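Below, each chain spelled out in residue letters.
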Amino acid sequence: MVRNKFKGLGIALITPFTADGDVDYKALIKLIEYQLGNGADFLCILATTGETPCLTSEEKQKIKDLVRNVVNGRVPILIGCGGNNTTAIVEELKTGDFKGFDGILSVCPYYNKPSQEGLYQHFRAIAQATKLPIILYNVPGRTGINLRAETTVRLAKDCPNIVGIKEASGNFEQIDEIIKNKPTHFDVISGDDALTFPMIACGAVGVISVIGNALPREFSKMIRLEFKGEYESARKIHHKFTELYSLLFIDGNPAGVKCLLHEMGMIENVLRLPLVPTCVQTVKRISDVMRELRI
């Protein structure tokens with residue numbers, strides 16, 4: 001039976017750019033080492049937070065090669081491979097370069113709004129195209145479609161290499177239903193930093209985190225405390241970041257966390273259109289919160 005390796009603090013890795021807009025590979029190496037040295041349990045690359053739709057094929061390949069070489073087996077690596085063209089995804093999985101990666105993160109098809117049966121058939125075809133473990137990604141706010149609990153559980157039971165779901169629906173009734181009815185080999189992972197504390201308390205096994213790009217040590221500490229049942233200590237860390245959770249997403253993702261990383265002196269505050277940096281008011285408030293938190 002295929003098991004889920006992606007537990008604890010996962011980092012939804014950003015793609016840093018230079019002031020000229022090129023991929024900043026030197027900054028990317030430093031970011032990876034920073035996260036691995038401060039509690040990250042796995043990395044998730046070439047997904048939403050990485051601005052993947054705005055990268056060229058050549059840049060994606062260079063990022064894959066770099067991350068694979070820098071990590072060098074120290075933690076599992078999850079790589080994004082999804083979209084709304086099932087045939088194209090299947091072909092990429094069959095012919096693409098996935099050596100050295102430990103699993104696939106595949107988002108629900110966006111824009112064309114398939115039925116639940118369409119979603120089932122889509123992910124079943126993806127599962128049959130690879131031997132790698134697959135993490136489903138349900139984020140209705142971005143895709144316009146919700147992968148319902150019954151469909152998630154059906155996929156988990158029918159496809160042995162579908163081992164988990166990154167749940168970012170914010171629907172606790174749905175999340176609880178998945179946790180209650182899932183097979184033992186299948187796990188729920190939080191897709192929302194602000195909901196990680198309550199989701200782990202309900203039975204989730206970790207998070208694929210945005211804030212972890214900048215603050216992996218404290219966020220991983222919260223998760224580890226929860227795993228040990230020390231909920232009061234974990235809750236204090238969770239509440240410490242309440243305002244920051246909101247600020248990082250108020251002007252879109254990854255604009256907020258790139259602003260935070262820039263304020264920390266780690267990257268240039270550069271995104272690729274159609275995304276733009278956070279507004280001046282948000283930058284000021286992030287700076288204020290950082291001072292209050294002594295970051």
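Summarised in this report is the structure supplied together with it. (Residues numbered from 1 in each chain as written. Predicted model: local features only at pLDDT ≥ 70, side-chain atom pairs only at ≥ 80, totals over all residues. Heavy atoms only, no water.)

Examining the packing of helix 1 (residues 25-36) against helix 2 (residues 57-71)
- Interaxial distance between helix 1 and helix 2 falls to 11 Å at its minimum, and their mutual angle equals 40°. Comparing the axis directions of helix 1 and helix 2 gives the class oblique. For the element pair helix 1 and helix 2, the recorded crossing hand is right-handed. For the pair helix 1 and helix 2, contact is made by Tyr-25, Leu-28, Ile-29, Ile-32, Glu-33 and Leu-36 and by Glu-59, Lys-62, Ile-63, Leu-66, Val-67, Val-70 and Val-71, respectively.
- Classifying every residue of the contact of helix 1 with helix 2 gives ten nonpolar, no polar and three charged. (Axes fitted to C-alpha atoms, helices over the stretch in contact; angles between N-to-C directions. Helix = DSSP H or I, 4+ residues; strand = E, 2+ residues; numbered from the N terminus. Parallel < 35°, antiparallel > 145°, perpendicular 65-115°, else oblique. Left-handed = near helix turned anticlockwise from the far one by under 90°. Contact = heavy atoms within 4.5 Å. Nonpolar A, V, L, I, M, F, W, Y, C, P; charged D, E, K, R; others polar.)

Notes on unusual backbone geometry
- Cis geometry is found at the peptide bond from Asn-253 to Pro-254, where omega equals 10°.
- With respect to the element layout, Pro-254 can be found in the loop between helix 11 (242-247) and helix 12 (255-263).
- Positive phi, close to 50°, is recorded for Asn-72, a residue that is not glycine.
- Along the chain, Asn-72 falls in the loop between helix 2 and strand 3 (77-80).
- Looking at Asn-72, the relative accessible area reads 62%, which means it is exposed. (Buried < 20%, exposed > 50% of the residue type's maximum accessible area, 1.4 Å probe, protein only.)

Examining the pairing of strand 2 (residues 42-45)
- The two faces of strand 2 match: Phe-42 and Cys-44 on one face and Leu-43 and Ile-45 on the other face are all buried.
- Here strand 1 (residues 8-12) pairs with strand 2 via three bridges, running parallel. Directly across from Ile-11, in strand 2, lies its bridge partner Leu-43.
- After leaving strand 1, the chain enters helix 1 and then returns to the sheet as strand 2, a path that is right-handed.
- Pairing of strand 2 with strand 3, which is carried by three bridges, proceeds in the parallel orientation. Opposite Leu-43, over in strand 3, you have Ile-77 as the bridge partner.
- Handedness of the crossover joining strand 2 and strand 3 through helix 2: right-handed. (Pairing = 2+ DSSP bridges. Right-handed = clockwise from strand over helix to strand, strands pointing away.)

By themselves, these are just geometric observations and shouldn't be taken as functional.
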